[in-house]
Amino acid sequence: MSAPLELPPVVSAAFEVSLRHGYASFCRNETGRLLAALAATRSGTLAEFGTGTGVGTAWLRSGIRPGARILSAELDPTLADAATKLFETDDQVEVVAADWSTLSGRSPFSLLFLDAREPEHSGADTVIDLMEEGGIVVIDDLVPCESWPPLYAGRVDSVREAWLTDDRFTAVEVMVASDTAVLLATKR
Ligand SMILES: C[S@@+](CC[C@H](N)C(=O)[O-])C[C@H]1O[C@@H](n2cnc3c(N)ncnc32)[C@H](O)[C@@H]1O
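Residues numbered from 1 in each chain as written. Predicted model: local features only at pLDDT ≥ 70, side-chain atom pairs only at ≥ 80, totals over all residues. Heavy atoms only, no water.

Under the annotation held in an unreviewed UniProt entry, the protein carries the name O-methyltransferase YrrM and is attributed to Nocardioides massiliensis.

Okay, structure coming up:
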């Protein structure tokens, strides 16, 4: 482990909420630290599609600059309620209990943590119009792959291949741990 073990207090609070709800689908700390570092470069609206109980949101919050805002959508009302309560006194974070597709009117986004884990909606076409120029899309939880085209479970990972070759974005796969990679795609 190369990163410090200590967690930002807001992330620790989010883990407690996750524990209370028996929810374990949150991003790893390595991804979280990357989210925080990216958030620190952003202004305007940072979005998250798929809040869970707010761990990813909390990592973004730990890095966000004054004046920027985080808007996060969670489809499951129980999880959304838990995350809303976590950030209820924080005027830089808004959690909505809704399908992320209802947030299009709140775009453009300077960063999007695309984490609803819906394979059919994780391609560039789904989000291109929601991003500002220079906005960064972050996709979590890829299995690192050194081959080209990228393979997953013995087959071509066509979603990853499409992101990495889409000339509307400049994209890169970044290993954040030996067993996990994140895709970063910046809108040109
Ligand atoms: C991987 S978890 C999110 C984890 C969270 N981003 C974190 O890092 O802590 C995916 C979440 O997306 C939510 N989800 C799935 N489809 C969605 C949709 N269309 N709109 C909003 N949330 C959705 C699921 O209910 C689930 O809680």
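Regarding the site of the ligand
The full set close to the ligand counts 22 residues, and Y23, E48, G50, E74 and D115 are the nearest of them. In this structure, G56 approaches the ligand through a main-chain N or O atom, which is 3.1 Å from an oxygen atom. Listing elements by their share of the shell around the ligand, those giving two or more residues are helix 3 (55–63) and strand 2 (69–74). Residues that form the shell around the ligand fall into these classes: 11 nonpolar, five polar and six charged. (Near = heavy atom within 4 Å. Polar contact = N/O pair within 3.5 Å; in protein donor to acceptor, adjacent residues only side chain to side chain. Helix = DSSP H or I, 4+ residues; strand = E, 2+ residues; numbered from the N terminus. Nonpolar A, V, L, I, M, F, W, Y, C, P; charged D, E, K, R; others polar.)

Digging into the nonpolar core
In terms of nonpolar packing, the biggest core is built from 26 residues, with L35, L38, L46, W59, L60 and V138 touching the most fellow members. Going through the elements one at a time, helix 1 (9–20), helix 2 (29–39), helix 3, strand 3 (93–97), strand 4 (109–114), strand 5 (131–142) and strand 9 (180–187) are the ones with two or more residues in this core. Among the elements that line this core, the one with the most residues is helix 2, at five residues. Once you skip the residues sitting within four places of it in the chain, W59 turns out to touch L7, P8, V11, C27, N29, G32, R33, L35 and A36. Listed in part, the 24 residues of the second largest apolar core include A98, A124, I128 and L183. (Core = buried A, V, L, I, M, F, W, Y, C linked by side-chain atoms within 4.5 Å. Buried < 20%, exposed > 50% of the residue type's maximum accessible area, 1.4 Å probe, protein only. Contact = heavy atoms within 4.5 Å.)

What to know about the environment of I70
Its place among the elements puts I70 in strand 2. With a relative accessible area of 0%, I70 lands in the buried category. In sequence terms I70 and A47 are 23 residues apart; their C-alpha atoms lie 5.6 Å from each other.

So, unusual backbone geometry
That bond from S107 to P108 is cis: its omega, 10°, falls within 30 degrees of zero. Looking at where P108 falls in the secondary structure, it is placed in the loop between strand 3 and strand 4. The step from W148 to P149 runs through a cis peptide bond, and the omega angle for that step is -5°. Its location among the elements puts P149 in the loop between strand 5 and strand 6 (151–152). The phi dihedral of R117 falls on the positive side, at around 55°, and the residue is not glycine. With respect to the secondary-structure elements, R117 resides in the loop between strand 4 and helix 5 (124–127).

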